[in-house]
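Coordinate analysis (summary)
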Amino acid sequence: MAVWATAGASVVAFMGIGLVDPILPSIAKGLNASNSQVSLLFTSYFLITAVAMLVTGFVSSRIGGRKTLLAGLALVVVFAALSGTSSSVGELVGFRAGWGLGNALFVSTSLAVIVGAAAGGSAAAILLYESALGLGMACGPLLGAVLGDMKWRYPFFGTAVLMAIGFLAITVFLKEQPRPARKTSLLDPIRALGHGGLASAAVSAFFYNYAFFTVLAFTPFVLDMSPYKSGGVFFAWGVLLAVFSVLLAPRLQRRFGSLRVLGGSLVLLAVDLVVLGYGDHTTAVVCTVVSGAFIGLNNTVFTELALGVSDAPRPVASAGYNFVRWFAAAAAPFLAPKIAEWTDVRVPFVVAALAAAVGAGVVAVRRRELTLRAEELEPRHATEDGIAVFANQ
């Protein structure tokens, strides 16, 4: 019951990432805000997430996994509910920042708790967590569409209610987990980035994440569809992301090697983004959905590189890696609408495509550093460390 309670709360946590996608135009209309102002919902969320990567290990290694989970859930409940009461876009952006901190604390700890509490072994626990990730990423836009079609405030209240249920379930069913033997300091993740391979993976992922979150945060404005239709598009996107991340990425890695899969997927994502920007509406819908496949592959390989390319402990390496890449997730949602306002609606996708291409170039140039330990590793699933997957998220 402890495992199922934590996994269920994890589904809702991952749903929160794509929850606002289908209702971004509705929020802009309801609060009389511009596209770039509304996109700050992602920017504040992921900016706080990036900084929180340095804090989560520090906190959980001192107060324990259960208390960290409950603290994260409590913050999400409070700030998701407050988001639904916002009277201005500034208030909503601020409340999303608090939501991001809570989600970071929860998601970064939940996998370790599931593995520690599961009776069927770590492999079964990781598979359960992967399923929660895929289900959450796919269903978040659907929940946003169903509730947001009635009123843009309802998805925020709905998330608060679901997370409150998760809080109660974990309070009742989950016992305190053993604390790590060694406490993590705030600077450990920064020190880990001194390794050339980990730094290379983080820099490449930074450019990739810019492309990823241009799709997630800017495309809804371009598609300009009803919440239901937009939710359907991003549900299909999330399904492809989950299938390619969990099922197909390991097979492709075994056949072609991790770096070839990563480089090829980044290049294909760049091509897809250019076609998305310059195609008609139907083409844009198709390319948005297809991008989920490339994003799923990239998330898996990047996570494995981050966890295995250096000698740093996995939670520490993952925190340093995510600290770098989440800054791009914060920048893209704000810059893409601004670039469109300054130039043309197609240009943000060209910039995102160039970012993906730069990411592929970093992989090619730094191949030696990235291969050093990657060749020694068997392909693993993308969710081997909770912090690393948080984004996929």
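Everything quoted here is computed from the prediction, not taken from an experiment. (Residues numbered from 1 in each chain as written. Predicted model: local features only at pLDDT ≥ 70, side-chain atom pairs only at ≥ 80, totals over all residues. Heavy atoms only, no water.)

Looking at the overall build of the chain
A tally of regular secondary structure across the chain gives 17 helices and 0 strands. A fraction of 87% describes how many contacts in the chain between residues 6 or more apart in sequence connect residues 24 or more apart. Taken as a whole, the chain presents about 14500 Å² of accessible surface, with 68% of it coming from carbon and sulfur. (Helix = DSSP H or I, 4+ residues; strand = E, 2+ residues; numbered from the N terminus. Contact = heavy atoms within 4.5 Å. Areas by Shrake-Rupley, 256 points an atom, 1.4 Å probe, with all protein chains shown as cover.)

A look at the environment of Val12
Secondary-structure assignment places Val12 in helix H1 (residues 2-18). A sequence separation of 121 residues divides Val12 from Leu133, and the C-alpha atoms of the two residues are 9.2 Å apart. Apart from the residues within four sequence positions on either side, Val12 is in contact with Thr159, Leu162 and Met163.

Topic: the nonpolar core
Generally speaking, a soluble globular protein has its nonpolar side chains buried in company with each other. If you look at the biggest cluster of nonpolar residues, it comprises 112 residues, and the most contacted ones within it are Ile27, Phe46, Ile170 and Trp237. Ranked by residues supplied to this core, first place goes to helix H10 (residues 196-223) with 15 residues. In this structure, Trp237 is in contact with Met137, Phe212, Val215, Leu216, Thr288, Val289, Ser291, Gly292 and Ile295, ignoring residues within four places of it in sequence. (Core = buried A, V, L, I, M, F, W, Y, C linked by side-chain atoms within 4.5 Å. Buried < 20%, exposed > 50% of the residue type's maximum accessible area, 1.4 Å probe, protein only.)

Some details on the packing of H10 against helix H15 (residues 347-365)
At a minimum axis separation of 8 Å, H10 and H15 run at an interaxial angle of 160 degrees. On the basis of their axis angle, the class for H10 and H15 is roughly antiparallel. In this structure, H10 meets H15 at a crossing whose hand is left-handed. Between H10 and H15, the residues in contact are Ser200, Val203, Ser204, Phe207, Tyr208, Tyr210, Ala211, Thr214, Phe218, Thr219 and Val222 and Pro348, Phe349, Val351, Ala352, Ala355, Ala356, Val358, Gly359, Val362 and Val363, respectively. (Axes fitted to C-alpha atoms, helices over the stretch in contact; angles between N-to-C directions. Parallel < 35°, antiparallel > 145°, perpendicular 65-115°, else oblique. Left-handed = near helix turned anticlockwise from the far one by under 90°.)

Quick notes on a nonpolar patch on the surface
The grouping of Leu142, Phe235, Val239, Val243 and Leu247 at the surface amounts to a nonpolar patch, some 350 Å² of accessible area in total. The dominant element in the nonpolar patch, judged by the number of residues it contributes, is helix H11 (residues 227-256), at 4 residues. Examined against the element boundaries, Val239 turns out to sit in helix H11. You can call Val239 partly exposed: its relative accessible area is 34%. (Patch = residues over 30% accessible without salt bridge, like charges linked within 9 Å, V, L, I, M, F, W, Y side chains within 5 Å. Salt bridge = Lys/Arg side-chain N within 4 Å of Asp/Glu carboxyl O.)

Side note on the confidence of the model for the chain
Averaged over the chain, the pLDDT score is 83; the fraction of residues at 70 or greater is 88%. Put simply, helix H17 (residues 386-389) is where the chain has its lowest mean pLDDT, 38, and H15 is where it has its highest, 97. (pLDDT = per-residue confidence, 0-100.)

Section: the pattern of salt bridges
According to the stated counting rule, one finds 3 salt bridges in the structure shown. Where Asp188 meets Arg191, a salt bridge forms, and the shortest distance between an N and an O atom there is 3.0 Å. In this pair, Asp188 and Arg191 both sit in helix H9 (residues 188-192), 3 residues apart, roughly one turn of the helix. Asp344 is the salt-bridge partner of Arg346, the closest N and O atoms lying 3.2 Å from each other.

A closer look at the side chain of Asn209
Along the chain, Asn209 falls in helix H10. Relative accessible area serves as the criterion here: at 0%, Asn209 is assigned to the buried category.

Section: unusual backbone geometry
Positioned with a positive phi, Asn32 is a non-glycine residue whose angle comes to about 50 degrees. For Asn32, the position within the fold is in the loop between helix H2 (24-30) and helix H3 (35-38). On the accessibility criterion, Asn32 (72% relative accessible area) is exposed. Notably, Asp224 is not glycine yet its phi reads approximately 50 degrees, a positive angle. By secondary structure assignment, the location of Asp224 is in the loop between H10 and H11.

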